[in-house]
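An overview of the molecular structure
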Amino acid sequence: MSDSQNDIRAYTLRLELVDEPGELLRSLQPIADNGGNLLSIFHERGNVTPRGHVPVEVDIEATPDRFEKIVDALHDAGINVVQAGTERYSEGLTIVLSGDVIETDLSDTLSRIQASANATVTDLSLSAPEGTADTSSARLDIAAESGATDTVLEGIREVAEEKDLRLIEPLTTGGDR
């Protein structure tokens, strides 16, 4: 048998689920049935994809052979697999944007941040105490691929400068210095 226990790897699956009872459980069954070990689930029920589905990120451990079987089983079960692979969003950062955040098209800002590098906005908190036409601020939690934090921040700086938004960057700690 080619399934060596020493060849277990971590994988990330990005799924889009219909917002109906039992869909999350239905999406996890092929993982269990094919020997995947569940590490974490990030279920964004409050958000929807452009197609109106719920985005779910599932981190699993499996051998490469089992992972292929899991992906095939998810497809066979009619689960929409948006991304499947070893790419891992392992670095997190939190930033704050302040200014005319809403009036300068918040949706465009978020899309451009996510497109600027391999990053995804995992949480957003918006504050507009004087209403949407006045100064507002947004706190964004961003997950970036390992080693991509500087690239992500550079993309955010460019968007903030273009839209005349004040950017409060995260404090970073020195690594192996």
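The structure we're discussing is the one just above.
Residues numbered from 1 in each chain as written. Predicted model: local features only at pLDDT ≥ 70, side-chain atom pairs only at ≥ 80, totals over all residues. Heavy atoms only, no water.

**Some remarks on the overall build of the protein**
What the protein contains, in helices and strands, is four helices and eight strands. The proportion of buried residues among the 177 residues of the protein is 37%. A separation of at least 24 residues holds for 71% of the contacts in the protein among residues at least 6 apart in sequence. Summed over all atoms, the accessible surface of the protein reaches about 10300 Å², with 44% contributed by carbon and sulfur. (Helix = DSSP H or I, 4+ residues; strand = E, 2+ residues; numbered from the N terminus. Buried < 20%, exposed > 50% of the residue type's maximum accessible area, 1.4 Å probe, protein only. Contact = heavy atoms within 4.5 Å. Areas by Shrake-Rupley, 256 points an atom, 1.4 Å probe, with all protein chains shown as cover.)

**Thoughts on the sheet that holds strand 3 (residues 54-62)**
The strand order across the open sheet formed by four strands is 2-3-1-4, and the pairing between neighbours is antiparallel. Edge positions in the sheet fall to strand 2 (37-43) and strand 4 (80-85), since each has one partner strand and no second. When the angles between neighbouring strand axes are averaged without regard to direction, this sheet yields 20 degrees. Bridge count for strand 2 against strand 3 is six bridges, and the pairing is antiparallel. Bridge pairing links Asn37 to Glu61 in strand 3. Contacts between helix 1 (residues 23-33) and the sheet are confined to strand 1 (9-17), strand 2 and strand 3, with strand 1 contributing the most and set at about 145 degrees to the helix. The sheet contacts of helix 2 (residues 64-76) involve strand 1, strand 3 and strand 4, and relative to strand 1 the element is tilted by about 5 degrees. (Pairing = 2+ DSSP bridges. Axes fitted to C-alpha atoms, helices over the stretch in contact; angles between N-to-C directions.)

**A closer look at the pattern of salt bridges**
Counted by the stated rule, this structure contains nine salt bridges. For Arg14, the salt bridge identified is with Glu57, shortest N-O distance 3.1 Å. Pair noted here: Arg14 is in strand 1 and Glu57 is in strand 3, with a separation of 43 residues, a long-range link. The partner of Asp141 in a salt bridge is Arg139, and the shortest N-O contact between them spans 2.8 Å. Judged by relative accessible area, which is 30%, Arg139 ranks as partly exposed. (Salt bridge = Lys/Arg side-chain N within 4 Å of Asp/Glu carboxyl O.)

**Notes on the packing of aromatic side chains**
Taken as a whole and judged by the stated rule, the model has one aromatic pair. A centroid spacing of 3.8 Å and a plane angle of 5 degrees characterise the contact between Tyr11 and Phe67, whose relative ring orientation is stacked. Here the residue Tyr11 occupies a position in strand 1, and Phe67 occupies one in helix 2, the gap between them amounting to 56 residues. In this pair, the class of Tyr11 matches that of Phe67, namely buried. (Phe/Tyr/Trp six-rings, centres within 6.5 Å; stacked < 30°, edge-to-face > 60°.)

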